[in-house]
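Below are the chains, spelled out letter by letter.
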Amino acid sequence: MTKTNVRIGAFEIDDAELNGDTQGERTLTIPCKSDPDLCMQLDAWDADTSVPAILDGEHSVLYRKHYDQGSDAWIMRLA
């Protein structure tokens with residue numbers, strides 16, 4: 001697990017966590033306490049919607065994987 005700075009549109013989260021080492025298995029955890037407005041937007045999107053993002057200064061594409069109710073966070077997969 002690595003703390004990561006992620007920017008999605010106008011939203012910037014500095015306590016997201018990057019998990020996984022291999023391509024296709026990497027996920028990004030976005031805590032809803034960081035930005036409740038972003039979490040509400042993610043809730044409205046479906047799993048097939050691509051989300052352009054900047055992770056630690058590098059362009060990436062995210063897809064919604066699932067909401068983790070226990071940690072109140074969205075789990076996103078990296079393309």
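None of these values were measured; they are calculated from a predicted model.

(A) Quick peek at the pattern of salt bridges. Within this structure, the stated rule accounts for 3 salt bridges. One salt bridge connects Lys3 with Glu17, and the closest N-O pair in it is separated by 3.2 Å. With Lys3 in strand S1 (residues 2-8) and Glu17 in strand S2 (residues 11-19), the pair connects residues that are 14 residues apart, well separated along the chain. You can call Lys3 exposed: its relative accessible area is 54%.

(B) View of the side chain of Thr27. Tracing the sequence through the fold places Thr27 in strand S3 (residues 27-31). If near-sequence neighbours (up to four positions away) are discounted, Thr27 is found in contact with Glu17, Leu18, Asn19, Lys65, Ile75, Met76, Arg77 and Leu78.

(C) Structural context of the confidence of the model for the protein chain. For the protein chain, the mean per-residue pLDDT works out to 91, and 100% of the residues sit at or above 70. The least confident element of the protein chain, judged by mean pLDDT, is helix H1 (residues 36-44) at 91; the most confident is S3 at 95.

(D) Here's a closer look at the side chain of Asp35. Here Asp35 is to be found in the loop between S3 and H1. An unpaired buried charge is present at Asp35: no salt bridge exists, and Arg7, the closest side chain of opposite charge, is 10 Å distant. Within the structure, Asp35 has its side chain in polar contact with the backbone nitrogen of Asp37 (distance 3.1 Å).

(E) H1, seen in detail. Where H1 is concerned, the buried positions are Leu38, Cys39 and Leu42. Each buried residue of H1 sits inside an arc of 100° when the element is viewed along its axis, so together they form one side. Across H1 from its buried face, at more than 90 degrees, point the exposed residues Met40, Asp43 and Ala44. Structurally, the start of H1 carries an N-cap: the backbone nitrogen of Asp37 is 3.1 Å from a side-chain oxygen of Asp35.

What counts, and at which threshold
Sequence positions are assigned chain by chain, starting from 1 and proceeding in written order. Confidence filtering applies because this is a predicted model: local features only for residues at pLDDT of at least 70, side-chain atom pairs given and counted only at 80 or more, and all residues used for totals across whole chains, interfaces and linings. Each side-chain value is derived from all of the structure's non-hydrogen atoms; neither hydrogens nor water enter the calculation. Salt bridges are defined by distance alone: a side-chain nitrogen of Lys or Arg within 4 Å of a carboxyl oxygen of Asp or Glu. For the purposes of this entry, the term helix denotes a DSSP run of H or I that reaches at least four residues, the term strand denotes a run of E that reaches at least two, and both are numbered from the N terminus. Note on exposure labels: buried denotes an accessible area under 20% of the residue type's maximum, exposed denotes more than 50%, and partly exposed covers the range between, all computed with a 1.4 Å probe on protein chains only. Every residue pair with non-hydrogen atoms within 4.5 Å of one another is taken to be in contact. Each residue carries a pLDDT score, the predictor's own confidence in it, on a scale running from 0 to 100. Under the convention used here, Asp and Glu are negative, Lys and Arg are positive, and both His and the chain ends fall outside the count. Here a polar contact is taken to be a pair of N or O atoms separated by no more than 3.5 Å, where protein atoms must pair a possible hydrogen donor with a possible acceptor and residues adjacent in sequence count only if both atoms sit in side chains. Our arc is simply the arc of the directions from the helix axis toward the C-beta atoms.

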